[in-house]
Amino acid sequence: MSRIGKKPVPLPAGVTAKVDGGILSVKGTQGDLKLKFHSAMKVQVDEAAKQIVVTRPDDERQNRALHGLTRSLINNMVTGVVKPFEQKLEIIGVGYQASIGGKTLNLQVGYANVIKLPIPAAVKCTLPDNTHIHLTSADKQAVGQFAAVIRKVRPPEPYKGKGIRYEGEHVRRKAGKAFASGG
């Protein structure tokens, strides 16, 4: 039995969950999320014990993998509707900056053109200053994906460290070419 899959997901106060067909809906103070889970998995909401239980039909390899995955996705949903997930990025480089125009994130990171990225509906994007980007959402996957898309525009390079990186990320630096001594 999957150690992760067999643990029930507790429902905190103020969170409601409902299974309708193959779709689980979770509502909380920070929003509501839906998950279409695999048809082999059985998801039950126990209102009396305030928990969600995931079971699998047998011990086939795919069902064992889906068991833990489904439970983890549900746990992330329940966590996200109580306290939203957050991702912070920082922009390093002379003249590199970010701005928000409507529902678009504009990045000036050393290219001739301004890179315009549409902000997903599920993600809230704020700029404390023009070199830091804060992303928050109840959907963990949406925050992580948008942060990865932003970072991919200009990943940090190893010689000067310029680029977009996650806050607190360590970038391994390389020594550049040194001038050869006369000979």
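Structure first, text after, so check above.
This is a predicted model, so every value here is computed, not measured.

S.K.: Would you mind going over the nonpolar core with me for this structure?
M.R.: Counting residues in hydrophobic clusters, the biggest one holds 20 residues, and the most contacted among them are Leu 105, Leu 107, Ile 133, Leu 135 and Ile 150. Where this core is concerned, the elements lending two or more residues are β7 (85-92), β9 (104-108), β12 (132-137) and α2 (140-153). Not counting residues up to four positions away in its chain, the partners in contact with Ile 133 are Gln 87, Lys 88, Leu 89, Ile 91, Ala 98, Leu 105, Leu 107, Cys 125, Thr 126, Leu 127 and Ile 150. Counting residues in each nonpolar core, the second largest holds 19 residues, with Val 15, Val 43, Val 54 and Val 78 among its members.

S.K.: Help me out: how do you make sense of the pattern of salt bridges in this one?
M.R.: For side chains of opposite charge, pairing can occur when their charged atoms come near one another. Per the counting criterion, the structure on display carries three salt bridges. Across the salt bridge formed by Glu 86 and Lys 88, the nearest N and O atoms sit 3.6 Å from each other. Across the pair Glu 169 and Arg 151 runs a salt bridge whose closest N-O atoms are separated by 2.7 Å. Of the two residues, Glu 169 sits in the segment after β13 (163-166) while Arg 151 sits in helix α2, which places them 18 residues apart along the sequence.

S.K.: How do you make sense of the side chain of Asn 63 when you look at a structure like this?
M.R.: Relative to the helices and strands, Asn 63 is located in helix α1 (residues 61-82). A relative accessible area of 9% means that Asn 63 is categorised as buried. Discounting residues that sit within four places of it in the chain, Asn 63 has contacts with Ala 40, Met 41, Arg 56, Pro 57 and Asp 58.

S.K.: What is the right way to look at α1 in this model?
M.R.: Within an α-helix, residues lying three or four positions from one another point in the same direction, as the helix has 3.6 residues per turn. The end-to-end C-alpha distance of α1, which contains 22 residues, comes to 33 Å, matching closely the 32 Å that a straight helix rising 1.5 Å per residue would cover. Turning to α1, its buried residues are Asn 63, Leu 66, His 67, Gly 68, Thr 70, Arg 71, Ile 74, Met 77, Val 78, Gly 80 and Val 81.

S.K.: Looking at this structure, how should I read unusual backbone geometry?
M.R.: Working note: non-glycine residues mostly have negative phi, and peptide bonds are mostly trans. Residues other than glycine seldom take positive phi values, yet Lys 50 does so here, at roughly 55°. With respect to the helices and strands, Lys 50 occurs in the loop between β5 (42-46) and β6 (51-55). Owing to a relative accessible area of 33%, Lys 50 belongs among the partly exposed residues under this scheme.

S.K.: Would you take a moment to explain the environment of Tyr 166 for this structure?
M.R.: Relative to the helices and strands, Tyr 166 resides in strand β13. Separated by 110 residues in the primary sequence, Tyr 166 and Arg 56 place their C-alpha atoms 37 Å from one another. When near neighbours in sequence (up to four residues on either side) are disregarded, Tyr 166 contacts Gln 87, Lys 88, Leu 89, Glu 90, Ala 147, Ala 148 and Arg 151.

S.K.: How do you make sense of the environment of Asp 20 when you look at a structure like this?
M.R.: Tracing the sequence through the fold places Asp 20 in strand β2 (residues 16-20). Of the residues examined, Asp 20 reaches a relative accessible area of 57% and is grouped as exposed. Along the sequence, Asp 20 and Lys 36 sit 16 residues apart, while their C-alpha atoms lie 9.7 Å from each other.

What counts, and at which threshold
- Residues numbered from 1 in each chain as written.
- Predicted model: local features only at pLDDT ≥ 70, side-chain atom pairs only at ≥ 80, totals over all residues.
- Heavy atoms only, no water.
- Core = buried A, V, L, I, M, F, W, Y, C linked by side-chain atoms within 4.5 Å.
- Buried < 20%, exposed > 50% of the residue type's maximum accessible area, 1.4 Å probe, protein only.
- Helix = DSSP H or I, 4+ residues; strand = E, 2+ residues; numbered from the N terminus.
- Contact = heavy atoms within 4.5 Å.
- Salt bridge = Lys/Arg side-chain N within 4 Å of Asp/Glu carboxyl O.
- Expected span 1.5 Å × (residues − 1).

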